[in-house]
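Single-letter residue listing:
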Amino acid sequence: MNSKEKEILLKKRYRAEKRFRFFGISSIILALSFLCILLVNIFTNGLSAFSRTEILLKINFNEKKIGINSSSTDKEIKQANFDEILQEALLSLAPDAPELKQAELIDLVSIDATSEIKKFYLKNKGVLNKTAEVALTLSDDLDQVYKDNFPRDIPEDRRRFSDFQLKIYDEQNAKNKIISEFNWPFIFNADSREPEIAGVGASLSGSFFTLIVCLLLSFPLGILAAIYLEEFAPKNKITEIIEVNVNNLAAVPSIVFGLLGLGIFLNYFYLPRSTPLVGGLVLALMTLPRIIIPCRAALKAVPPSIREGALALGASKVQTVMHNVVPLAMPGTLSGTIIGLSQALGETAPLLLIGMVAFINVVPSTPLDPSAVLPVQVYLWSESAERGFVEKTSATIIILIFFLAFMNSFAIYLRNKFEKKWS
C-alpha cells in the first residue's frame, strides 16, 4: 500500500470519527431537548397548584346565629353551625340579587369554607359578636380564572361558572379582595372530590410508610444474601442458578410482583388491602435484586489484600468479611439501595393490583391504614375532568421528581464521600 492509499484511508477514518461524534452529540442534544420540553410542560402546568386563591369576606360572628358563647369549649365550637354567618357574608356581596342567583353566590367559595371559618374563630376567639375579615378559599373554577388557566371569554353555557359569578368576582378583585397565598392545604390535605381543597398529604404519608416497610425488609435481606453469595456460598450449579435468577428478577416487569402480592399477601395471608404494609412488602420483593446486585459488585471491588491481611492477623472468615470487607463495600451498597428505593417510589403498576388505587380522604397515621402513594395519586387525578386537577397532577409529578432527584443525589454523595480509591 503506497502513501497515497494510506492517506485516503486515513481521511476516511477521520470522516467516520467525525460522523460518529456528530451522531453522538446529536443524540444527546435530542434527548436533552425532549427532557426539557417535558419538564417545561410539567412545571408550566403544575407551579400554579402551589398557590391558592382566596376571597376576603367580612364575617359577623354573632353568637346567637352560631349557637355558642364566650365560655364554649373547643369541642362545642367544632360542633357548632357556622353556615348561617357564611351565607350572610356571601349574600351581602349582592344584596339585591334574586333568589335564583343567591345559590350562585354560595358557590363562590369552596365546600370547606365553613371549616375555615371555624379554624379562624378557634385562633381568634376575641372576635365573638364582632365582624372580622376572613380569607376563604375560592371555588376551583374561579381559582383557575384568577391563575389564567381557564379562558373567561367563552360562552356561559360552556363553562361551570355563570356571568353573574364572574361579575361578582371582578367586583371583588377590583376591591383587592381576591388574594393569592401559598397552598399549604395542597401539601397537608388528603384527597378530595373538590380540586380546590384536594391535597397530597395522604399520598406523602402513604409513600413514606411504604418506603419504610420496603427499606426495613429489603435492605437487611439484600445485604445478607449478597454477602453469602459473594463470600461464603460454594461455587457450584446451585449457586449459579441462584445468581442467574437474581439477575433475571431485576428485569421482571413490576406488574408481575403486583400479581404475586395479590395472590400471596392478600388472597393467602389475608393482609389488609390498600395499605402501606402490603405495598411495602410488594416493593421489597421488587427491590431485593436491585440491592443484591450492586452490593455484590461493591464486595468484589474490595481488594483481595484486605481479606488476606485480616486472615494473616488471625481473623476468622466471618470476622474478615463483617469487620473489614463489608464496611469498605458499604458506600456502593448504600448508593445501590437508595437508587433501588427511588425506583420503588415511582412504581405504580404493582400497587394498583393490591388496591392502592382507592379514594382516600384521610391522612394515614400507621402502615396499617388505607392510603395511596404519589404515583397512584397522579394516576387518579389524571383521570379527572376538572381543570383544577390538571395542575395538581403536574404539581404532584414535580414533588415526585424532587424526591427522586434528592434520593439519587444523596446516593451520589454517599458514594463520593465514603468511596475508597485503591491504587
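Two side chains that carry opposite charge are able to pair once their charged atoms sit near each other. A full pass over the atoms with the stated rule returns 16 salt bridges. Where Glu54 meets Arg52, a salt bridge forms, and the shortest distance between an N and an O atom there is 3.0 Å. Neither residue differs from the other here; Glu54 and Arg52 are each classed as buried. Among the salt bridges present, the one from Glu231 reaches Lys317, with a minimum N-O distance of 4.0 Å.

A few words now on the sheet that holds strand β1 (residues 51-60). In a beta sheet, neighbouring strands are held together by backbone hydrogen bonds and run either parallel or antiparallel to one another. Taken in spatial order, the three strands line up as β2-β1-β3 in an open sheet, and their pairing is antiparallel. Every interior strand has two partners, whereas the edge strands, β2 (131-137) and β3 (178-182), have only one. The mean angle between the axes of side-by-side strands here comes to 40 degrees, regardless of whether they run parallel or antiparallel. Taken together, the seven bridges between β1 and β2 define a ladder with antiparallel strand orientation. Residue Ile59 lies in a different strand from β2, and its bridge partner there is Ala132. Docked against the sheet, helix α6 (residues 113-123) engages β1 and β2, running at close to 135 degrees with respect to β2.

Below, the discussion takes up the packing of helix α10 (residues 201-232) against helix α13 (residues 276-301). α13 packs onto α10 with a crossing angle of 35 degrees between their chain directions and a minimal axis gap of 6 Å. The crossing of α10 and α13 is right-handed. The residue inventory of the contact of α10 with α13, partitioned by class, reads 21 nonpolar, seven polar and four charged.

About the criteria used
Residues numbered from 1 in each chain as written. Predicted model: local features only at pLDDT ≥ 70, side-chain atom pairs only at ≥ 80, totals over all residues. Heavy atoms only, no water. Salt bridge = Lys/Arg side-chain N within 4 Å of Asp/Glu carboxyl O. Buried < 20%, exposed > 50% of the residue type's maximum accessible area, 1.4 Å probe, protein only. Pairing = 2+ DSSP bridges. Helix = DSSP H or I, 4+ residues; strand = E, 2+ residues; numbered from the N terminus. Axes fitted to C-alpha atoms, helices over the stretch in contact; angles between N-to-C directions. Contact = heavy atoms within 4.5 Å. Left-handed = near helix turned anticlockwise from the far one by under 90°. Nonpolar A, V, L, I, M, F, W, Y, C, P; charged D, E, K, R; others polar.

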